[in-house]
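# Architecture at a glance
Here's the letter readout for the chains.
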Amino acid sequence: MILEERPDGQGTGEDSSLPQDGGSIRKGYDSFVQNQPGQLQSHRARLHQQISKELRMRTGAENLYRATSNTWVRETVALELSYVNSNLQLLKEELAELSTSVDVDQPEGEGITIPMIPLGLKETKELDWATPLKELISEHFGEDGTSFETEIQELEDLRQATRTPSRDEAGLDLLAAYYSQLCFLDARFFSPSRSPGLLFHWYDSLTGVPAQQRALAFEKGSVLFNIGALHTQIGARQDCSCTEGTNHAAEAFQRAAGAFRLLRENFSHAPSPDMSAASLSMLEQLMIAQAQECIFKGLLLPASATPDICPDQLQLAQEAAQVATEYGLVHRVMAQPPVRDYLPASWTNLAHVKAEHFCALAHYHAAMALCESHPAAKGELARQEHVFQPSTPHEPLGPTLPQHPEDRRKLAKAHLKRAILGQEEALRLHTLCRVLRKVDLLQVVVTQALRRSLAKYSQLEREDDFFEATEAPDIQPKTHQTPEVRMPSLSQVKVTDFFHRLGPLSVFSTKNRWQLVGPVHMTRGEGGFGFTLRGDSPVLIAAVVPGGQAESAGLKEGDYIVSVNGQPCKWWKHLEVVTQLRSMGEEGVSLQVVSLLPSPEPRGTGPRRAALLWNQRECGFETPMPTRTRPWPILGWSRKNKQGKTGSHPDPCTNRNCVTCP
């Protein structure tokens, strides 16, 4: 009954037989509506309480894990950490779903699908950036560290937000923005000779065991892992009952595979199992298999509307065989050490179930193709005979496709028999692992497929079938769309270096040492100021005229101008500095410069740091620099490169005393 509000405030309903009860019903309805936010808030509060409880348990287990040296105790505590880690991931995913406005539900009926495998995000502890960064800015950069409190707070807020990103594109943008800031921090504050000395603490995503490292590469690698994991959660939440949902899911899993490959190729000596080369390789294969499954689901949607069209059924058979092959490879990798030692058993079981299920689906669709009796379809079936043949010439050839309808019926029965056996095996494997997420959903999917195969088999069954049909040949796997490993879009978020006030990274980083000179006062002589300028941000003194005003003031070739009359000019371009100097009258100008000092050890010597993604170009993106910077890679700058650039400044003039020279 739909209730409406009358102008006089009385409730009325469309059902005129209950006018006297309209007010009480309306009150009950209003009470229900008002209680919905309260119920949601209560549910959220309960989740927070459970998360707090699990965090306390993890803290106690972690302290015991670090304190004990007994192998048996450490193994027991590691098992407890794994259990707590799984609970925390489930609780946080449930909390994130409560916070989203749109929740994707699994469709009911025939459109129901097997759940995917999403990865939980790596968790981390809070990190104090303020103390070490302020000390480093004061000691190395010669700036007041307390003047950068705003920038440090923005960095801490950004890192805190990345600990609980939303499960959508906004969450990906947040992680990408923090990753870009880490690239800036790596270029400015971290070098073999000097670094802030921070200790990065992260928990393993698979086992929950804590790990610590002082290298910023560990922080960058963990964030990149979470980008891949978040892609898997986005892909698993897509509604695969429509083509758009399957396309988005396939795209998400391919991006996840790209993140894990990028991490595997650039990160070594992993401190935690989830970031080891073996785990990342397995995760990459798993994401490709799930993307292949989404491609199959996308093809299945339009084909289900025309189940009797032979070419579509043959294509579905090969696509299903391709998915089964991919999951078979994933299952073999999961079942081998060292991956099997720390991988959840439910993952291995689910990969095995899917391999059997999609192999059975391949035989089911092949049987549907053989049952087709239209003349046009018979010719198409003959042309598609290679679907049932071995893929290599060394294997024995399978039976040729029979031309008689009765023989095709028997061969279809043979394929259906293999489909039934495969689906029964998938159900048996399903019962071996009771800890699968959405176990009932998985069982429903396989059971539906089994019933469909049995129903079709009973249609083909005849009383005079006294002999079993010939063994059905294997279906050759083939796909019309091979999933690609796509790198995550790390450059989609435009960011600015929080600490760009310190100056261009070409000079002002811990990789360089310099000495601040000045301020020195200069007046214009007959030949000008006695130096030649070149380059942008910062402007370089390219040459000093012997006996000129600049030499008398103590300026040297190779100095960088950082202040003009008290105005910071680290980010000024060449023309801006020249214009400012030209405007100076007889009172002269006050300049402040920095002189680079020789490095304590030659470049390329000393201990090599364990770095992840040495520069942004290796990541496949370049984060845009601030407004006054040049569009060069942040780690590829050198004075030689700057002087050798063409087209970035005017040609030098012959008057070495002219300040307008580049």
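Residues numbered from 1 in each chain as written. Predicted model: local features only at pLDDT ≥ 70, side-chain atom pairs only at ≥ 80, totals over all residues. Heavy atoms only, no water.

The chain has the name Rhophilin-1 isoform X1 in an unreviewed UniProt entry, where Mus caroli is given as its organism. Of the comments in the UniProt record for the chain, the one headed Sequence similarities (unreviewed entry) reads "Belongs to the RHPN family." (UniProt positions renumbered as here; feature names shortened; annotations may be inferred.)

## Remarks on the overall build of the chain
Scanning the chain from N- to C-terminus turns up 17 helices and 10 strands. Per-residue burial over the chain gives 49% buried out of 662 residues. Sequence separation of at least 24 residues holds for 77% of the intrachain contacts in the chain that already meet a minimum separation of 6. Carbon and sulfur atoms make up 51% of the accessible area of the chain, which totals about 32100 Å². (Helix = DSSP H or I, 4+ residues; strand = E, 2+ residues; numbered from the N terminus. Buried < 20%, exposed > 50% of the residue type's maximum accessible area, 1.4 Å probe, protein only. Contact = heavy atoms within 4.5 Å. Areas by Shrake-Rupley, 256 points an atom, 1.4 Å probe, with all protein chains shown as cover.)

## As for the pattern of salt bridges
Scanning all chains against the criterion turns up 18 salt bridges. Its salt-bridge partner being Lys122, residue Asp274 comes within 3.0 Å of it at the nearest N-O pair. Within this pair, whereas Asp274 is found in the loop between helix H7 (243-266) and helix H8 (277-303), its partner Lys122 is found in the loop between helix H2 (71-99) and helix H3 (130-140), the two being separated by 152 residues in sequence. For the pair shown, Asp274 and Lys122 are each scored as buried. (Salt bridge = Lys/Arg side-chain N within 4 Å of Asp/Glu carboxyl O.)

## Thoughts on the packing of helix H11 (residues 345-371) against helix H13 (residues 405-431)
In contact at an axis separation of 8 Å, H11 and H13 are set at 165° when each is read in the N-to-C sense. What the angle tells us is that H11 and H13 run roughly antiparallel. Viewed along their axes, H11 and H13 form a crossing whose handedness is left-handed. Each residue belonging to the contact of H11 with H13 can be placed in one class, and the counts come to 14 nonpolar, 8 polar and 4 charged. (Axes fitted to C-alpha atoms, helices over the stretch in contact; angles between N-to-C directions. Parallel < 35°, antiparallel > 145°, perpendicular 65-115°, else oblique. Left-handed = near helix turned anticlockwise from the far one by under 90°. Nonpolar A, V, L, I, M, F, W, Y, C, P; charged D, E, K, R; others polar.)

## A short note on the packing of aromatic side chains
Working definition: an aromatic ring pair is given by the centre-to-centre distance plus the angle between the planes. As enumerated under the stated definition, the model contains 10 aromatic pairs in all. Arranged with centres 6.1 Å apart and planes meeting at 15°, the rings of Phe529 and Phe531 form a pair that is stacked. What makes Phe531 buried here is its relative accessible area of 0%. What links up through ring pairs into an aromatic cluster is the set Phe141, Phe148, Phe189, Phe499, Phe508 and Trp514. Positioned above the aromatic ring of Phe148, the side-chain terminus of Arg501 is 4.1 Å from the ring centre. The ring of Phe508 has Lys570 lying over it, and the distance from NZ or CZ to the ring centre is 4.5 Å. (Phe/Tyr/Trp six-rings, centres within 6.5 Å; stacked < 30°, edge-to-face > 60°. Lys NZ or Arg CZ within 6 Å of the ring centre and 35° of its normal.)

## Quick notes on the pairing of strand E4 (residues 210-213)
Sheet topology note: the strand E3 (residues 200-203)/E4 ladder contains 4 bridges and is antiparallel. The residue of E4 that forms the bridge with Tyr203 is Pro210. The loop that links E3 with its antiparallel partner E4 comprises 6 residues; one of these, Gly208, has a positive phi angle of about 80°. (Pairing = 2+ DSSP bridges.)

## Thoughts on the nonpolar core
Within the largest apolar cluster, 105 residues are counted, with the highest numbers of intra-cluster contacts made by Trp129, Leu185, Phe189, Phe200, Phe225, Tyr327 and Phe499. Broken down by element, the residue count for this core peaks at 11 residues, all from H8. Look past the residues within four positions of Tyr327 in its chain and what remains in contact with it is Met116, Leu286, Ala289, Gln290, Glu293, Ala351, Lys354, Ala355 and Phe358. Counting 21 residues, the second-largest nonpolar core is a separate cluster that includes Phe531, Ile541, Leu555 and Cys569. (Core = buried A, V, L, I, M, F, W, Y, C linked by side-chain atoms within 4.5 Å.)

## What about the side chain of Gln423?
Note that Gln423 resides in helix H13. Look at Gln423 and you get buried, because its relative accessible area is 0%. Not counting residues within four places of it along the chain, the set of residues in contact with Gln423 comprises Ala360, Leu361, Val446, Ala449, Leu450 and Ser453.

## Remarks on unusual backbone geometry
With an omega of 0°, the peptide bond between Pro337 and Pro338 qualifies as cis. Even without glycine at this site, Ser537 takes up a positive phi of about 45°. You can see Ser537 is positioned in the loop between strand E6 (531-534) and strand E7 (539-544). Of note in the backbone geometry, Asn565 takes a positive phi value of approximately 55° without being a glycine. Mapped onto the elements, Asn565 comes out in the loop between strand E8 (560-564) and strand E9 (567-568). Among the residues examined, Asn565 registers a relative accessible area of 34% and is labelled partly exposed.

## Observations concerning the environment of Lys478
In this fold, Lys478 is placed in the loop between helix H14 (439-460) and strand E5 (513-522). In the structure, Lys478 is positioned 159 residues away from Glu319 in sequence and 5.7 Å away in space, judged by C-alpha atoms.

## Examining helix H4 (residues 149-162)
Taking 1.5 Å of rise per residue, 14 residues should cover 20 Å, and H4 covers 20 Å from first to last C-alpha, within 8% of that figure. Every buried residue belonging to H4 is among Glu151, Ile152, Leu155, Leu158, Arg159 and Thr162, and all of these are buried. Considered in projection along H4, the buried side chains sweep an arc of 125° and stay on one side of the axis. Buried residues belonging to H4 abut H3, helix H5 (169-189), E3 and helix H6 (216-236). (Expected span 1.5 Å × (residues − 1). Arc of directions from axis to C-beta.)

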